[in-house]
Amino acid sequence: MGTSTRYITTPIYYVNDRPHIGHVYTTTICDAWARFQRLSGHDVFFLTGTDEHGQKVEQSAEARGVSPQELADENSEEFRRIMGMFNLTNDEFIRTTDPRHEQQVQSLVKRLMDSGDVYLGTFEGWYDAGQEEYYTDTKANEVEFVSPISGKPLERASEQNYYFKLSAYEDRLRKMFDDHPGIVRPDARRNEVLGRLREGLQDVPISRTNFAWGIGVPGADEHVIYVWIDALFNYITALGLADSESQWHAQRAGYWPAGMQVIGKEILWFHAVIWPALLMALELPLPSCIYAHSFWISEGQKMSKSLGNFIDLEELQGYMEKYGSDALRYFLCTQGPLGATDADFSRSQFHETYTTDLVNTVGNCASRTSAMIGKYCDGLCPADTGECADGGVDWSDFTSAQVEAAIDSMERFDLSGSIAAAMTIVRRVDAFINETAPFKLAKDPEMAAQVGDILYRCAEAIRIASCLLEATMPEKILELRDAWNLGAPTGDLRGECQWGRLAAGTAIEKVALFPRVESE
Ligand code: MSP
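Engineer: Provide a residue-level description of the nonpolar core, including the pertinent values.
Structural biologist: In terms of nonpolar packing, the biggest core is built from 100 residues, with Ile-8, Phe-86, Trp-296, Leu-316, Phe-345, Phe-413 and Trp-484 touching the most fellow members. Ranked by the residues each element gives to this core, the list is headed by helix α18 (residues 448-469), at 13 residues. If we skip the residues at most four places from it in the chain, Phe-413 touches Ile-8, Ile-29, Trp-33, Met-260, Val-262, Tyr-291 and Leu-338. Tyr-169, Ile-183, Ala-231 and Tyr-235 belong to the second-largest nonpolar core, a separate cluster that totals 62 residues.

This is the structure we're talking about:
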């Protein structure tokens with residue numbers, strides 16, 4: 001990712017589900033990344049949205065006695081509401097029922113038909129009419145050719161479908177993984193895909209005829225384009241890539257290829273295999289990285305409809321009211337399932353993270369430092385006269401190493417690593433205050449210059465850490481910027497993080513960023 005445009009996407013969410021922590025999580029981590037890139041001066045495009053077609057939506061709508069479009073409108077709005085609720089700064093919210101998307105999907109499929117990558121084929125199998133489902137020969141044999149659900153015999157049936165020639169891309173996909181090992185991350189997920197690739201690839205049906213709620217195959221309206229193909233294309237239709245006359249194209253086409261496409265691990269196959277193959281067939285460049293995170297579980301248990309234990313928006317709002325929106329963001333970004341293992345969302349863990357990291361570390365350090373500057377320096381940032389003992393730390397070297405680590409980690413989508421580098425600075429400040437005890441030195445008027453030097457170092461290091469934490473906790477860091485007169489971000493994160501930028505004489509007001517919260 002050498003260029004200055006950065007395109008990041010979330011999956012688009014199904015409108016037949018209620019939004020819950022999973023959706024908020026993926027969108028929040030993408031938001032933190034997008035904000036960080038903007039703070040670094042990059043031209044960012046951050047996309048999210050809703051996936052609105054398919055049989056399930058049609059069925060849910062029917063069950064509720066509304067049209068699929070009505071159901072989609074209503075539920076898409078619920079997802080859109082998340083963005084405001086959780087301070088998310090997506091640049092577009094795409095809906096797959098938007099005619100601008102639908103038309104482009106048709107023209108993309110048309111291109112694939114013209115190139116021979118999509119063809120009309122016949123499928124034959126054992127059909128369970130009650131379930132509208134085909135069984136493979138092996139499975140049909142296992143159930144002795146009788147539907148285990150209705151008890152009626154399976155029928156030999158065939159149907160015509162459009163197919164995508166996935167099998168033709170096997171070698172190129174393998175080469176893609178050889179040439180760009182970082183294209184699917186984390187490593188555990190890439191290895192999973194490679195394992196399945198070794199089993200060989202078959203062409204995939206990309207149309208359905210047994211329901212109507214979807215985008216028609218061009219020239220064959222009785223066929224509806226498979227919802228996954230429709231949905232995957234959102235990543236390029238939102239940029240107008242298949243409509244060169246459109247405004248979307250004029251303003252956004254330059255964002256492709258995406259720098260970061262974030263998904264949950266359950267939709268890896270579609271994104272790591274089918275998506276790149278479709279792009280290859282369309283002769284479009286591939287994204288730099290598809291990042292598949294793991295899952296949140298709730299208080300030690302898998303979240304499921306039957307258990308009814310999804311952490312829903314109401315519950316998340318409860319956390320925000322109690323701890324603040326930045327605290328929720330911090331928890332999601334640092335304790336979440338970003339790597340290859342699932343993470344547990346528990347009340348006690350949330351409370352502990354908040355208290356340890358935000359109240360006792362960031363909050364305490366900023367409030368101690370600003371209180372002492374108030375008391376010993378008339379509330380004005382002291383000058384650094386170079387008199388104080390550094391406590392063995394070359395602050396400039398130390399902070400710049402952490403700044404590089406934070407930027408580097410973010411580049412790799414290692415959010416918690418990036419935040420940890422910033423927290424290392426804050427923790428060092430805390431230890432430095434304890435070691436040098438400026439509150440004791442201040443009792444001796446002769447030590448005024450030393451006290452000033454110590455406090456300058458503390459304030460400057462906190463300022464630098466805050467620049468690195470801003471993408472994760474935008475509201476609180478803004479509060480700090482205001483109280484310490486640090487001005488607005490400049491779009492040059494690295495430059496802003498240079499040691500010595502904090503000017504002597506700057507008015508530093510006392511801050512209390514993270515109030516202590518009683519546990520239940
Ligand atoms: N519509 C498809 C995606 C199409 S993308 C071209 C879909 N939608 S979904 O509504 O089911 O959302 C799935 C996504 O929600 C996951 O990939 C993940 O980003 C997020 N999560 C859903 N449950 C989750 C957890 N329990 N934990 C973390 N995130 C999970 O699949």
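Engineer: Please set out the sheet that holds strand β11 (residues 216-217) residue by residue, giving values where relevant.
Structural biologist: Ordered by their spatial adjacency, three strands build an open sheet running β10-β12-β11, and the pairing between neighbours is antiparallel. Strand pairing shows two members of the sheet lacking a second neighbour, β10 (207-208) and β11, which therefore form its edges. As paired strands, β10 and strand β12 (residues 220-225) are joined by two bridges and run antiparallel to one another. Paired with Arg-208 across the strands is Val-224, a residue of β12.

Engineer: How would you summarise the packing of helix α7 (residues 187-198) against helix α11 (residues 268-281) if you had to cite specific residues and measurements?
Structural biologist: Packing of α7 against α11 leaves a shortest axis separation of 11 Å and a crossing angle of 65°. When the axes of α7 and α11 are compared, the crossing they make is right-handed. In contact with Arg-189, Glu-192, Val-193, Arg-196 and Leu-197 of α7, α11 contributes Leu-268, Trp-269, Ala-272 and Val-273. The residue inventory of the contact of α7 with α11, partitioned by class, reads six nonpolar, no polar and three charged.

Engineer: Before we move on, could you go through the pairing of strand β7 (residues 155-164) and cite the residues and values that matter?
Structural biologist: As judged from the 10 bridges shared by strand β5 (residues 118-128) and β7, these two strands associate in the antiparallel manner. Along β7, the bridge assignment pairs Tyr-119 with Tyr-163. Two strands pair when backbone bridges link them, and β7 and strand β9 (residues 204-205) are joined in this way by two bridges, in the antiparallel orientation. The partner of Tyr-163 across the bridge, within β9, is Pro-205.

Engineer: Run through the sheet that holds β9, naming residues and quoting values.
Structural biologist: Spatially, four strands are ordered β6-β5-β7-β9 in an open sheet, and the strand pairing comes out antiparallel. Across the chains shown, the open sheet's two edge strands, defined by having one partner strand only, are β6 (133-135) and β9.

Engineer: A description of the pattern of salt bridges should follow, citing residues and the corresponding values.
Structural biologist: When the charged atoms of two side chains lie near each other, side chains of opposite charge can form a pair. Tallying each qualifying case throughout the model produces 33 salt bridges. In this structure, Lys-265 engages Asp-342 in a salt bridge whose closest nitrogen and oxygen atoms are separated by 2.9 Å. Taken as a pair, Lys-265 in the loop between β13 (260-264) and α11 and Asp-342 in the loop between α13 (325-335) and β16 (343-345) lie far apart in primary sequence, 77 residues in all. Assessed through its relative accessible area of 27%, Lys-265 is described here as partly exposed.

Engineer: Which residues make up the environment of Thr-26, and what values do they have?
Structural biologist: Within the secondary structure, Thr-26 sits in helix α1 (residues 21-39). A polar contact of 2.8 Å, which involves the side chain of Thr-26, links it to the side chain of His-293.

Engineer: Talk me through the state of the cysteines; I want residue IDs and the actual numbers.
Structural biologist: All chains considered together, the criterion is met by zero disulfides. For the unlinked cysteine Cys-333, the closest cysteine sulfur is that of Cys-30, found at 10.0 Å. The closest cysteine sulfur to the non-disulfide-bonded Cys-381 is located on Cys-377, 8.1 Å from its own sulfur. For Cys-381, a relative accessible area of 3% puts it in the buried group.

Engineer: Before we move on, can you summarise the site of the ligand with the specific residues and values?
Structural biologist: If you check the shell around the ligand, you find 22 residues, and the closest are Ile-12, Thr-26, Asp-51, Gly-264 and Trp-296. Here a nitrogen atom of the ligand and a side-chain polar atom of Asp-51 are 2.7 Å apart. Going through the elements one at a time, β2 (13-14), α1 and α8 (227-232) are the ones with two or more residues in the shell around the ligand. Looking at side-chain class alone, the shell around the ligand contains 12 nonpolar, eight polar and two charged residues.

Engineer: So, the packing of aromatic side chains: which residues are in play, and what are the values?
Structural biologist: For the coordinates displayed, the defined rule picks out 31 aromatic pairs. Look at Trp-256 and Trp-275: their rings are 6.0 Å apart centre to centre, the planes differ by 75°, and that puts the pair in the edge-to-face class. Here Trp-256 is found in the loop between α10 (247-252) and β13, whereas its partner Trp-275 is found in helix α11, with 19 residues between them in sequence. For the pair Trp-256 and Trp-275, one class covers both residues: buried. Within the aromatic cluster, the residues linked to one another by ring pairs are Tyr-25, Trp-296, Tyr-319, Tyr-323, Phe-331, Phe-345, Phe-350, Tyr-354 and Phe-514. Taking NZ or CZ as reference, Lys-56 lies 5.7 Å from the ring centre of Tyr-14, over its face.

Engineer: Explain unusual backbone geometry to me, using residue names and the numbers behind them.
Structural biologist: The amide bond that connects Arg-185 to the next residue, Pro-186, takes the cis arrangement and shows omega of -5°. Topologically, Pro-186 is positioned in the loop between β8 (184-185) and α7. The residue after Trp-256, namely Pro-257, is reached through a cis peptide bond having omega 5°. The residue Pro-257 is located in the loop between α10 and β13 in this model. Positive phi is not limited to glycine here, since Glu-144 has a value of about 55°. Along the chain, the position of Glu-144 falls in the loop between α5 (137-142) and β7.

Conventions adopted
Residues numbered from 1 in each chain as written. Predicted model: local features only at pLDDT ≥ 70, side-chain atom pairs only at ≥ 80, totals over all residues. Heavy atoms only, no water. Core = buried A, V, L, I, M, F, W, Y, C linked by side-chain atoms within 4.5 Å. Buried < 20%, exposed > 50% of the residue type's maximum accessible area, 1.4 Å probe, protein only. Helix = DSSP H or I, 4+ residues; strand = E, 2+ residues; numbered from the N terminus. Contact = heavy atoms within 4.5 Å. Pairing = 2+ DSSP bridges. Axes fitted to C-alpha atoms, helices over the stretch in contact; angles between N-to-C directions. Left-handed = near helix turned anticlockwise from the far one by under 90°. Nonpolar A, V, L, I, M, F, W, Y, C, P; charged D, E, K, R; others polar. Salt bridge = Lys/Arg side-chain N within 4 Å of Asp/Glu carboxyl O. Polar contact = N/O pair within 3.5 Å; in protein donor to acceptor, adjacent residues only side chain to side chain. Disulfide = S-S within 2.5 Å. Near = heavy atom within 4 Å. Phe/Tyr/Trp six-rings, centres within 6.5 Å; stacked < 30°, edge-to-face > 60°. Lys NZ or Arg CZ within 6 Å of the ring centre and 35° of its normal.

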